[in-house]
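An overview of the molecular structure
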Amino acid sequence: MRDYVILTDSCCDLSAEMAAELGVEVLPLSLQMGDRTYRNYLDGREIGFHEFYERVRSGELATTSAVNVGEFEEKMREILKTGKDILSISFSSALSTTYQSSVIAAEELKDEFPDAKILTVDSLCASLGQGLFVYLCAQEQKKGKTIDEVKTFAEETKGRVCHWFTVDDLNHLKRGGRINATTALFGTMLAIKPVMHVDNEGRLIPVSKARGRKASLTALVDRMEATAIDPAGQTVFISHGDCLEDAEFVAGEVRRRLGVETVHINYVGPVIGNHSGPGTMALFFLGSER
């Protein structure tokens, strides 16, 4: 059996340390801000996470770019030349063209590496939901599972990776076309916070509303309580848009209410954070359904 590498992209929002520990290779998406393009590396080497959110708070706007076919080909070729196969797990195809680029690159490299396996998975996940999904696949790899077995595990598992989000400022969702201007205006005036999730097609969908920040954070834990499978035995991931105190509150609640022992907290990276804004809070876990 040939050895293989799990390849993903920076929308997984894993810490650089965890990605290295898992042995996962990560391709960065890009962000155009001001007159400069930054690559979204997990260690923030080109643009720091707090710096990014401070610039957004000051009114700067940014645009984002997916990983393109050429970037996938370059990275995949580098791995394949070492004699290893590739399991590529990408940001949701409903939110980015990154997955489509991985598929095209894999097809382009088949003739050059006829004996290699290049398997692609559309995670239908985002942020640390994608991170949790990659983490779970890497745990299967560590158990000695083959690339085909982990691919099967991935396809069977991704529909149970639950994503629950809330945001602090509705105007970022308005700019991204998620809500209209009237909803943003009145929601802001009334301190209405949306509670959203990523659905079975990998799309970000508003589900309900909460009055005030504290209620919206509690609503995330309520959703976990309703659908989580064996919460006390899970590893739970939480990502935040430069609001660590709120993330620690949610972590405390899942520990207190659900008996969760292992919680990993990290930033929502700048590519996703550009669309959700400062104050984004997200909770990720395995559930009976999304």
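Whatever comes next refers back to the structure up there.
Before going into details, it helps to say that this report is about the structure given with it. (Residues numbered from 1 in each chain as written. Predicted model: local features only at pLDDT ≥ 70, side-chain atom pairs only at ≥ 80, totals over all residues. Heavy atoms only, no water.)

**A few points about helix H2 (residues 49–57)**
Looking at H2, one finds that the buried residues are Phe49, Phe52, Tyr53, Arg55 and Val56. What you see down the axis of H2 is that its buried residues fit within an arc of 160°, all on one side. Immediately downstream of H2, the backbone of Gly59 shows phi near 105°, a positive value. (Buried < 20%, exposed > 50% of the residue type's maximum accessible area, 1.4 Å probe, protein only. Helix = DSSP H or I, 4+ residues; strand = E, 2+ residues; numbered from the N terminus. Arc of directions from axis to C-beta.)

**Quick word on the pattern of salt bridges**
Taken as a whole and judged by the stated rule, the model has 24 salt bridges. Notably, a salt bridge pairs Lys75 with Glu25, separated by 3.0 Å at the nearest N-O pair. Taken as a pair, Lys75 in helix H3 (residues 69–80) and Glu25 in strand S2 (residues 25–27) lie far apart in primary sequence, 50 residues in all. Owing to a relative accessible area of 15%, Lys75 belongs among the buried residues under this scheme. By relative accessible area, which is 30% here, Glu25 ends up partly exposed. Measuring nitrogen to oxygen at the nearest pair gives 2.7 Å for the salt bridge that ties Asp199 to Arg203. (Salt bridge = Lys/Arg side-chain N within 4 Å of Asp/Glu carboxyl O.)

**Looking at the sheet that holds strand S5 (residues 62–65)**
An order of S4-S3-S5 is seen for the three strands of this open sheet, with the pairing classed as antiparallel. Only two strands of the sheet have a single neighbouring strand rather than two, namely strand S4 (36–39) and S5. In this sheet, neighbouring strand axes are inclined to one another by 25° on average, regardless of whether the strands run parallel or antiparallel. Of the pairings in the sheet, the one linking strand S3 (residues 30–33) to S4 comprises four bridges and is antiparallel in character. Residue pairing for S4: Gln32 is matched across the bridge by Thr37. (Pairing = 2+ DSSP bridges. Axes fitted to C-alpha atoms, helices over the stretch in contact; angles between N-to-C directions.)

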